Amino acid sequence: MVGSKRRSGSRRAIRYLLALALLLVMVYPYLYMVLSSFADWTQIDKQLLPTKFTTKSYEWLFSGGEAGVTRPWLNAFLNSVVVSAASTALMMLFGIMVAYALSKLNFFGRHAINNFVLFHMFFPAIILLVPTFLIIQRAGLYDTYLGLIVPKAVSLWAIFMYTNFFKAVPSTFIEAAKLDGASDLKIMFRIMLPMSKSITTVIFLFLLMERWTELLWDMIAVKSDSMLTLNVLLSQMFGPYGSYPGPLYAASTILTLPIIVLFLIFSKKFQEGMQFSLK
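The residue numbering used here restarts from 1 in each chain and proceeds along that chain's sequence as written. Local features in this predicted model are restricted to residues whose pLDDT is 70 or higher, and side-chain atom pairs enter the listing and the counts only when it is 80 or higher, whereas totals over whole chains, interfaces and linings include all residues. In computing side-chain values, all of the structure's heavy atoms are included and hydrogens and water are not.

Now for the overall build of the protein. A helix here means a DSSP run of H or I that spans at least four residues, while a strand means a run of E at least two residues long, and both kinds are numbered starting from the N terminus. A tally of regular secondary structure across the protein gives 14 helices and zero strands. Residue burial in the protein is summarised as follows: out of 279 residues, 34% are buried. Contact between two residues is taken to exist if any of their heavy atoms lie within 4.5 Å; hydrogens are not considered. At a minimum sequence separation of 6, the contacts of the protein that also span at least 24 residues come to 74%. The accessible surface values rely on the Shrake-Rupley method and a 1.4 Å probe; as for residues, cover is taken only from the protein chains in view. Summed over its atoms, the accessible surface of the protein is roughly 16,600 Å², and 69% of this surface lies on carbon and sulfur atoms. Throughout this description, buried means an accessible area under 20% of the type-specific maximum (1.4 Å probe, protein chains only), exposed means over 50%, and partly exposed covers the range between.

Put into structure tokens, the structure is as follows:
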């Protein structure tokens, strides 16, 4: 009896140690990046964790580096916020509407559209980059907010995730709502959406993270400094100055900080949504 308790305690201790080791492996890169962004330049990439700290990397970044060119940081940050928020909202809106139609409505061509969504998910987005750019240019949306937002307004992944969730919702809820005179639009936003809070959190965070870190489309869709997003501005900074690791870590910290804050705010719902998506 005593021996079995000891073995059980040893196994528990081993599991805790393995979990702690895994946590350190996952957290250490981000911790190293944040600490290195404040580290003295003589210690960066020369030891596991820096011990001397300074704000030199951030000062270098916001002063324009050796070129000394003032960069429109605040404007670029606001551009990123507007573009990311609008694109994410549209992707979720279209995702909910299309998924509801594919999962709960009977109409001609529903299965063909569903298969098209699945089929199209296997295509790399870069294949449509040039045609999309030509369409935006000819439509007069080049170097505008709409040119940044519209091509990223639909997410097939969001449609796929919402479709799978809505299929699991019993149709009796919808039938009862229709008997009470509710329209499909009201059913979507008054019944289906509140029931999908957990999966919506997962979709929201992933879509926002994807749009916030988008670089390729943002680089080719704008030309003026007033329309630059934050990640494009940072990429321009490190074209000629790629050999400065401190400011590079500082720029990476700035880019990832909003996503980390949002994840911490919605962490509980995110975990619940991930549990459903893995079922």
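Moving on, there is more to tell.
Moving on, we get to the nonpolar core. Think of a nonpolar core as a cluster: buried Ala, Val, Leu, Ile, Met, Phe, Trp, Tyr and Cys residues, connected wherever their side-chain atoms sit within 4.5 Å. Leu 61, Trp 73, Leu 148, Trp 217, Leu 230 and Leu 234 are the most contacted members of the largest nonpolar core, which totals 27 residues. Looking at this core, the elements that each hand over two or more residues are helix H2 (56–62), helix H3 (73–104), helix H5 (129–138), helix H6 (145–149), helix H10 (197–212), helix H11 (216–221), helix H12 (230–237) and helix H13 (245–265). In terms of residue count, the dominant contributor to this core is H12 (five residues). Setting aside anything within four residues of it in sequence, one finds Trp 217 in contact with Leu 129, Thr 132, Phe 133, Ile 136, Gly 147, Leu 148, Pro 151, Lys 152 and Arg 211. By size, the runner-up hydrophobic cluster in this structure holds 20 residues, among which are Ile 96, Met 161, Tyr 162 and Ile 174.

Definition used for salt bridges: Asp or Glu carboxyl oxygen within 4 Å of a side-chain nitrogen of Lys or Arg. Evaluation of the coordinates by the stated rule reveals three salt bridges. Ionic pairing is found between Asp 184 and Lys 178, a salt bridge with its closest N-O pair at 3.5 Å. For Lys 178, a relative accessible area of 41% translates into the label partly exposed. Asp 218 serves as the salt-bridge partner of Arg 211, at 3.0 Å between the closest nitrogen and oxygen. Summarising the burial analysis for this pair, Arg 211 and Asp 218 share the class buried.

Further remarks concern the UniProt feature "transmembrane region" (unreviewed entry) in the protein. UniProt positions are given in the numbering used here, feature names are shortened, and annotations may be inferred rather than shown by experiment. As annotated by UniProt and renumbered to match this structure, "transmembrane region" (unreviewed entry) occupies residues 12–31, 81–103, 115–136, 148–166, 187–209 and 248–266. Helix makes up 100% of residues 81–103 and strand 0%, and the two end C-alpha atoms of the span are 32 Å apart.

For the rest of this paragraph, the subject is a nonpolar patch on the surface. Together, Leu 20, Leu 22, Leu 23, Leu 24, Met 26, Val 27, Tyr 28, Leu 31, Leu 48 and Leu 49 make up a nonpolar patch on the protein surface, roughly 970 Å² of accessible area in all. Inspection of the secondary structure assignment puts Leu 24 in helix H1 (residues 2–37). With relative accessibility at 52%, the residue Leu 24 sits in the exposed group. Think of a patch as exposed residues, more than 30% relative accessible area, with no salt bridge, where like charges cluster within 9 Å and nonpolar side chains (Val, Leu, Ile, Met, Phe, Trp, Tyr) cluster within 5 Å.

This next bit is on the confidence of the model for the protein. As a per-residue measure, pLDDT tells how confident the predictor is, with possible values from 0 to 100. With 88% of its residues at a pLDDT of at least 70, the protein reaches an overall mean of 82. Mean pLDDT values for the elements of the protein range from 63 in helix H14 (residues 267–277) up to 94 in H6.

Further remarks concern the packing of aromatic side chains. Centres within 6.5 Å make a pair out of two Phe, Tyr or Trp rings, where for Trp the six-membered ring is used; the pair is then stacked when the planes are under 30 degrees apart, edge-to-face when over 60, and tilted otherwise. Under the defined criterion, the tally for this structure stands at eight aromatic pairs. Centroid distance Phe 38 to Tyr 58: 4.8 Å. Interplanar angle 35 degrees. Geometry classified as tilted. Highlighted residues: Phe 38 in the loop between H1 and H2 and Tyr 58 in helix H2, separated in sequence by 20 residues. The partly exposed category is assigned to Phe 38, whose relative accessible area is 33%. Tyr 58 gets classed as buried once you look at its relative accessible area, which sits at 15%. Chaining the aromatic ring pairs together yields one cluster made of Tyr 28, Tyr 32 and Tyr 249.

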